[in-house]
Each structure stands twice: as structure tokens, then as C-alpha cells.
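Inside the fold
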Amino acid sequence: KQEVTQIPAALSVPEGENLVLNCSFTDSAIYNLQWFRQDPGKGLTSLLLIQSSQREQTSGRLNASLDKSSGRSTLYIAASQPGDSATYLCAVRGTGFQKLVFGTGTRLLVSP
Amino acid sequence: DTEVTQTPKHLVMGMTNKKSLKCEQHMGHRAMYWYKQKAKKPPELMFVYSYEKLSINESVPSRFSPECPNSSLLNLHLHALQPEDSALYLCASSQGAPTYEQYFGPGTRLTVT
């Protein structure tokens, strides 16, 4: 059974710092991995999706990497801003395609 | 249009009530999902519809009854709920191959009294 863990559970940084969020999964036979952002009480916003054949994806200040063989993904946020404060979730899609297994999330607080 | 809409935004219901949650997407996605999310926990998958047919039911109690009237609409009918069913209910839809990327709605905050 796939298990997805995110470290740290919570992170507080001052504005302007570069930061890394970690996601690890136990079964390396994944189809792809999706990073989401969730603001309190709101839905999930898709940030980046990495196919299993890819090593990284970039969107603006965000860069996600994937090392399938070691069961790890990282989300790098450059020059953090208070508006980046949210919970970040990674989710792994197996070869069944339809099911996402979510990580436990990292709550990020960026202070001005 | 990359939007999934959900109504209502908030719902308070008694344990004897019957209510429905609605979800709509116009992205041409043929898979739609219901998730339940408790505070500070990740979303838990409840149901998946693929081409308007129920393809996954994650052993959800029968007091939750999904319905997919057409490829754009997804409903979740609620009956005789318990207070522990209070949660944020999220709807999502997804593209097909090659990414199956999921897009989520804003959720319905359900409180059962």
C-alpha cells in the first residue's frame, strides 16, 4: 500500500527566503506526482505535475523535482512571499491512474 | 475554463435531513471525484465516476449516495448523517491521458448537528 509522507509538517520563514518542501513515497511504481496548494477552508490548487519519466518541472518561482527510484520529490519555492502561506500537499498517482494518494501536508507560514 | 464549481459553499443539516451537494465542470473531463477532508488532514477519496459510471467506491457508508446525471455534473446525496460526517467535501475532475491531472472545486463546508 502506497504511503506518502511530507516533512516538515510545519515551516515558518521570513519573507524572501528560498525554501524546500519534501515528499517521500514508499512504492516507486508511480505514474506521476502532483503538488497542490490549499488555503484554509478552500479547495486545492494544482501547482505542478511531474510525470514519472521527468526529473523536474518549473512554474514561475516554483520548481518541483522527482527522484522516482529513491521515492522522493521536492518543491522548491524561491524568494518566498507572505502570499505563499498555505498548506502544500503532494499526491502520488499509481498505475491505476484514477486514484491519488495524498501526503500529510506541510503548513507554510511566510512572515513579512 | 479550468474551473470546478460547487454548491452550496456552506451547509448545516440535522441528522434526519436529506440534502444534496452539487458539482459542475465544463472542461470536458470524463472523470469526476468526491473527497472528504477533515481539519488538518489530507483529502480522503470517496467516489470516482468515469464516463458517468461509478468506478471506485471507497467503502463509503450508504448514507452518502453519489449520482452523475451527465458528463458535467456530479451530485452527492446526503441522508441520516452523523455529526462525525461534518467536514469539507471536495469535488474534482480530471483530464485523461497522458497526465490525468486533477482540478478541484472550492468545497462545501458541511456541518451536521
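Heads up: the structure comes first, above all this text.
Residues numbered from 1 in each chain as written. Chains lettered and ligands numbered in written order. Predicted model: local features only at pLDDT ≥ 70, side-chain atom pairs only at ≥ 80, totals over all residues. Heavy atoms only, no water.

Remarks on the pairing of strand β3 (residues 19-25) of chain A
Residues and elements named next belong to chain A. Side chains Leu19, Leu21, Cys23 and Phe25 project from β3 onto a buried face, and the interleaved Val20, Asn22 and Ser24 project onto a face without burial. Pairing geometry for strand β1 (residues 4-7) and β3, over four bridges, is antiparallel. Note that in β3 the partner of glutamine 6 across the bridge is cysteine 23. As defined by bridge partners, β3 adjoins strand β8 (residues 72-77) across six bridges and the pair is classed as antiparallel. Bridge pairing in β8 places leucine 21 opposite leucine 75. (Buried < 20%, exposed > 50% of the residue type's maximum accessible area, 1.4 Å probe, protein only. Helix = DSSP H or I, 4+ residues; strand = E, 2+ residues; numbered from the N terminus. Pairing = 2+ DSSP bridges.)

So, the sheet that holds strand β1 (residues 4-7) of chain B
All names here are of chain B. Taken in spatial order, the four strands make up an open sheet running β1-β3-β8-β7, and their pairing is antiparallel. The outermost strands of the open sheet, each flanked by one partner alone, are β1 and β7 (64-70). Strand-to-strand, the axes of this sheet are offset by a mean angle of 20°, without reference to chain direction. Here β1 runs beside strand β3 (residues 18-25); their pairing, made up of four bridges, is antiparallel. Each bridged residue has a counterpart across the sheet, and for threonine 5 the counterpart in β3 is glutamate 24. (Axes fitted to C-alpha atoms, helices over the stretch in contact; angles between N-to-C directions.)

Observations concerning the environment of glutamine 6 of chain B
All names here are of chain B. Inspection of the secondary structure puts glutamine 6 in strand β1. In this structure the C-alpha to C-alpha distance between glutamine 6 and leucine 88, which are 82 residues apart in sequence, comes to 11 Å. Look past the residues within four positions of glutamine 6 in its chain and what remains in contact with it is Lys22, Cys23, Trp34, Tyr89, Leu90, Cys91, Gly105, Pro106, Gly107 and Thr108. At 3.0 Å, the side chain of glutamine 6 forms a polar contact with the backbone nitrogen of cysteine 91. Reaching out from glutamine 6, the side chain makes a polar contact with the backbone nitrogen of glycine 107 at a distance of 2.9 Å. (Contact = heavy atoms within 4.5 Å. Polar contact = N/O pair within 3.5 Å; in protein donor to acceptor, adjacent residues only side chain to side chain.)

Points about the packing of aromatic side chains
Going through the model one piece at a time under the given rule, you end up with eight aromatic pairs over all chains. Look at phenylalanine 102 of chain A and phenylalanine 104 of chain B: their rings are 6.3 Å apart centre to centre, the planes differ by 75°, and that puts the pair in the edge-to-face class. With phenylalanine 102 of chain A in strand β10 (residues 100-102) and phenylalanine 104 of chain B in strand β10 (residues 102-104), this residue pair bridges two chains. Residue phenylalanine 102 of chain A shares its accessibility class with phenylalanine 104 of chain B, and that shared class is buried. (Phe/Tyr/Trp six-rings, centres within 6.5 Å; stacked < 30°, edge-to-face > 60°.)

Thoughts on the state of the cysteines
All names here are of chain A. Overall, the coordinates contain two disulfides over all chains when judged by the stated rule. Across the disulfide from cysteine 23 sits cysteine 90; the S-S distance is 2.0 Å. Disulfide cysteine 23 to cysteine 90: torsion about the S-S bond roughly 80°, handedness right-handed. Pair noted here: cysteine 23 is in strand β3 and cysteine 90 is in strand β9 (residues 86-94), with a separation of 67 residues, a long-range link. According to the relative accessible area criterion, cysteine 23 is buried, its value standing at 2%. (Disulfide = S-S within 2.5 Å.)

Considering the interface of chain A and chain B
Between chain A and chain B, the residue contacts involve 20 residues of the former and 22 residues of the latter. At the boundary of chain A with chain B, the tally comes to one salt bridge. With a shortest N-O distance of 2.9 Å, lysine 99 of chain A and glutamate 58 of chain B are connected by a salt bridge. A total of five residues in the side of chain A that touches chain B trace back to one element, the largest contributor, which is strand β4 (residues 30-38) of chain A. In terms of residue class, the side of chain A that touches chain B is made up of eight nonpolar, nine polar and three charged. (Salt bridge = Lys/Arg side-chain N within 4 Å of Asp/Glu carboxyl O. Nonpolar A, V, L, I, M, F, W, Y, C, P; charged D, E, K, R; others polar.)

Here we look at the pattern of salt bridges
Any two side chains of opposite charge can pair, so long as their charged atoms come close to each other. Inspection of every chain in the model, using the stated rule, returns six salt bridges over all chains. With a shortest N-O distance of 2.8 Å, arginine 61 of chain A and aspartate 84 of chain A are connected by a salt bridge. With arginine 61 of chain A in the loop between β6 (56-59) and β7 (62-67) and aspartate 84 of chain A in the loop between β8 and β9, this pair connects stretches of sequence that are 23 residues apart. Taken together, the salt bridges that share partners define one network made up of Lys36, Arg63 and Asp85 of chain B.

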